[in-house]
Amino acid sequence: MSFSFPLPEHALLLAALLFAMGLAGLLARRNIVFVLMSLEVMLNAAGLALVASGHKWAQADGQVLFIVLLAVAGCEAAVGLGLVMRIHRRSRTVDSDSLDSLKG
Amino acid sequence: MFELIVLVPALPLASFLAITALGRRLGSQGAAWVACASTGIAAVISTVVAVEFIGDPPDQGFFAFEVWEWLRVGGLRAPFALHLDALSVIMTSVVTGVGFLIHLYSAEFMAGEEGYSRFFSWLNLFVGFMLVLVLAGNFVVLYLGWEGVGLCSYLLIGFWYRNPANGAAARKAFIVTRIGDVAMALGLLLIFTDLGTLDIREAMNRSAGVWPVGSDRAVAAAALLLAGAAGKSAQIPLQVWLPDAMAGPTPVSALIHAATMVTAGVYLVARTHWLFVLAPDILLVVATLGSVTMLAAGLSACVQTDIKRTLAYSTISQLGYMFLALGVGAWSAGVFHFMTHAFFKALLFLAAGAVILATQHEHDMRKLGGLARQMPFVFVTFLAGAASLAALPVLTAGFYSKDMILAGAWAAPEASRWFLGAALAGAFVTSFYSFRMVFLTFLGPARMRPHKLPGFAVGVPLGALALLSLGAGLIEIPHSLGHVSLFSSFLADALPYPPAVVPAKVELALQATATGLALAGLAAAWVVYVGFPWAAEWHATMRPLHWVHGLLRNGWGFDAVYDRVLVRPFVAATSFNRNDLIDSVFEGVGRGVAVLHVAAALTQTGRVRWYAALLAIGVIALLAVLVLP
């Protein structure tokens, strides 16, 4: 039995599912830590779509962009968690809905 | 030598600046000294220049002189030009001479008033602008002086600004004269478009070549200038401001509203008479306006009870005489009457002011009376002024100037007997109200004791003006009485139309008639106000006459008509437009933006998840637009 690489369409479908799950989590969760985690899921969905596209057209760009994306995700997590720490220390809460002091 | 004339307007203007800038430091006495000295020196200089001018007249009879270049735009060149000819020499001498006497008088009259130095600074500013007006060699400079004197008139009528009525009188004077000024400005623009210059002499020289006699443009230009002159000189229908202008201090009434500013219209017509000659119809209008104004205002003067208002109507009436003279082409007679009128009317105002000052601001002649014993000097000078105003024969200056006007009216080429008749009727009316003033104020039972007799500074101008009111006529004596024509031959260069030549018999007849009418007026006033004082009260209260009295007292109801026809609709329109209809458009735009702002602010909830959701929806919508066909 030979290993058959899934078709790019399948990979894209998976990416779309992952993205939708991430978005749903982003909109549904009120805890900012979980919101950040959902964002990571969405980023990885985008990364999967990049890799699959790179495979389909036999180009290295997809992998290159994925590495860039890993760096961006790392930065985002570091900055985001740092902000969450500050917010928590300041307002004793990580509930995004109660942090509405910028209301117009 | 003639260049010195530039100092004449410059000195009062400099003094105005000095008093305004250093008012506090000079103190009130200092301000009065500076003001009197500057006007006095200006009077001396203008006398010196006048003597020089008479002794050694410049070539062509005028001396033109550009002080500096003022404007140069395209084809318009308006230098600050002064023009000295016989007419401006006479005007300058009268303005500075009478101006100086009135400054001197004011130093005592206004003593102790609040704003003493403010008064003198404005009086100086007025004299400066008036001199700019009469010396102007250019219509732009003339207009500068013209508006400047209007401004000073406004400021000085409203001098006692704490009483709102004075402010209203000042605004009325300003607005009514402004109506004439707008017409005059249009006239100047017409002159510039058609004649291509604003230099007065040049424009007058060109006018005859460009405009045929009686052409539409010439008539329009003359009519527009006449409207300006009528506004300034209080001729019907723009005469309504002058009686109210008496709200100002008495020296102001004497200087501005009797002797000088109100004659600016006469000066303007005389200065531009070449233009009026091109429009004979307008000249006829000038004469008609003059005669109607003269009679209407003269009759109004007969029933006034306020001594200053009587004099104001008398001024309007005498200005009517001057316009009548100009209208029949007797230019030098008009200017001569301006000069004598400046003397005797200033004298009457100043003497009335002395009475008013002595009786704690009592203007009502019915409450005065019998002051001849208590204030003999004021009585004698007032009598001299009134005699000159009434043109009593031989002794008074008014007789000679009025005689010249009568001769002019008789010899007018239009030969309109109406004008002569009006002038003769005016002589009777003038004499009647002049002596009515004298009898009511100075004769009869004494109802009041003067608490303050005039001092030196009030007495000197009264004496000087009384001498001038009696003696100034001797420079122009008609043929029948010895023929002296210093005045008209002096003016011949500036106003090259010789005085009317009238047959000796006619001249004598005119003089006799005028004298008879003047004496009849005097006699009538004596009968009504001294002989049978009850007669005055009786005919003032009798039914039909009562109504006529009211009409005359209110100046023929012009004020009421203007109030109904012009003022009230205008006030109604402005109160309707109180919130400015055009503004509401812009305010609507602002209000719309504010509503949009509220709507936009509602989306700013501060909830991050909402923003994310809207972002997602937006992206999906964009993708849908891009992907779907």
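Residues numbered from 1 in each chain as written. Chains lettered and ligands numbered in written order. Predicted model: local features only at pLDDT ≥ 70, side-chain atom pairs only at ≥ 80, totals over all residues.

### A closer look at the overall build of chain B
Of the regular secondary structure elements, chain B holds 26 helices and four strands. Over its C-alpha atoms, taken along the principal directions, chain B stretches across nearly 115 × 60 × 55 Å. Counting every position in chain B, which comprises 629 residues, the buried fraction comes to 51%. Partitioning the intrachain contacts of chain B with sequence separation of at least 6 by distance along the chain shows that 80% fall at a separation of at least 24. (Helix = DSSP H or I, 4+ residues; strand = E, 2+ residues; numbered from the N terminus. Buried ≥ 20, exposed ≤ 12 C-beta atoms within 10 Å, placed from the backbone. Contact = placed C-beta atoms within 7 Å.)

### A look at the pairing of strand 1 (residues 62–73) of chain B
Residues and elements named next belong to chain B. Pairing between strand 1 and strand 2 (residues 76–85): 10 bridges, direction antiparallel. Bridge pairing in strand 2 links arginine 72 to arginine 77. Here strand 1 hands over to strand 2 after two residues, with glycine 74 in that stretch at a positive phi of 55°. (Pairing = 2+ DSSP bridges.)

### Regarding the packing of helix 9 (residues 250–259) of chain B against helix 14 (residues 331–358) of chain B
Residue and element names in this part refer to chain B. Orientation of helix 9 relative to helix 14, taken along the N-to-C sense of each, is 165°, at an axis distance of 9 Å. Classified by the interaxial angle, the pair formed by helix 9 and helix 14 is roughly antiparallel. Crossing of helix 9 against helix 14: the hand is right-handed. Within the contact between the two elements, helix 9 uses Thr250, Pro251, Ser253, Ala254, Leu255, Ala258 and Ala259 and helix 14 uses Ala342, Lys345, Ala346, Phe349, Leu350, Ala352, Gly353 and Ile356. Looking at the contact of helix 9 with helix 14, its residues break down into 11 nonpolar, three polar and one charged. (Axes fitted to C-alpha atoms, helices over the stretch in contact; angles between N-to-C directions. Parallel < 35°, antiparallel > 145°, perpendicular 65-115°, else oblique. Left-handed = near helix turned anticlockwise from the far one by under 90°. Nonpolar A, V, L, I, M, F, W, Y, C, P; charged D, E, K, R; others polar.)

### Overview of the interface of chain B and chain A
With 10 residues of chain B in contact, the opposing surface of chain A contributes 10 residues. Looking at the side of chain B that touches chain A residue by residue, the classes come out as five nonpolar, three polar and two charged.

Fair warning: the whole summary comes from geometry, so function is off the table for now.
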